[in-house]
Amino acid sequence: DRPRVLASRDEALTGPGEHWSCAYRFRRADGGYAHVVDRGSIMRDGSGRPSRMVGGMHDVTEQRRSEERQALLAQELQH
């Protein structure tokens, strides 16, 4: 996911916007992966150049698993 995430971030930083958001897999310290949504607010200087980004990452792994289980159950009920 890294190339896609970095391209998305770079596009947000070079564009005129003030916000960035991206969903991706994040490798945890234990080697497993979490599904996350990362959001940031872009701070710009007086010339409009990005000076920093402040944000947070939200783990949506359980939500994704629940959605996948519901989709599988719906498929089973259709057959």
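Shown above is the structure to which this text applies.
Residues numbered from 1 in each chain as written. Predicted model: local features only at pLDDT ≥ 70, side-chain atom pairs only at ≥ 80, totals over all residues. Heavy atoms only, no water.

**Things to note about the nonpolar core**
Residues Val 5, Ala 12, Trp 20, Cys 22, Tyr 24, Ala 34, Val 36 and Ile 42 constitute the largest nonpolar core, which totals eight residues. For this core, the elements supplying multiple residues, two or more each, are α1 (2–14), β1 (19–27) and β2 (33–44). (Core = buried A, V, L, I, M, F, W, Y, C linked by side-chain atoms within 4.5 Å. Buried < 20%, exposed > 50% of the residue type's maximum accessible area, 1.4 Å probe, protein only. Helix = DSSP H or I, 4+ residues; strand = E, 2+ residues; numbered from the N terminus.)

**A word on the packing of aromatic side chains**
Two descriptors summarise a pair of aromatic rings, namely the distance from one centre to the other and the angle between the planes of the rings. Counting across every chain of the model gives zero aromatic pairs. A cation sits over an aromatic face here: Arg 25 above Tyr 33, 5.5 Å from the ring centre. (Phe/Tyr/Trp six-rings, centres within 6.5 Å; stacked < 30°, edge-to-face > 60°. Lys NZ or Arg CZ within 6 Å of the ring centre and 35° of its normal.)

**Structural notes on the sheet that holds β2**
Strands sit in the order β1-β2-β3 across an open sheet of three strands; the sheet is antiparallel. The sheet terminates laterally at β1 and β3 (50–59), the two strands that pair on one side only. When the angles between neighbouring strand axes are averaged without regard to direction, this sheet yields 25°. Across nine bridges, β1 lies against β2 in antiparallel orientation. If you follow Arg 25 over to β2, its bridge partner there is His 35. Across the sheet, α1 lies against β1, β2 and β3, angled at about 165° from β1, the strand it touches most. (Pairing = 2+ DSSP bridges. Axes fitted to C-alpha atoms, helices over the stretch in contact; angles between N-to-C directions. Contact = heavy atoms within 4.5 Å.)

**A few points about the pattern of salt bridges**
Here the structure, examined in full by the defined rule, presents five salt bridges. The closest approach of N and O atoms between Asp 1 and Arg 25, which form a salt bridge, is 3.1 Å. Of this pair, Asp 1 sits in the segment before α1 while Arg 25 sits in strand β1, placing them 24 residues apart in sequence. The class for Asp 1 is partly exposed, based on a relative accessible area of 32%. A residue is classified by how much of its surface remains accessible, and Arg 25, at 43% relative accessible area, is partly exposed. (Salt bridge = Lys/Arg side-chain N within 4 Å of Asp/Glu carboxyl O.)

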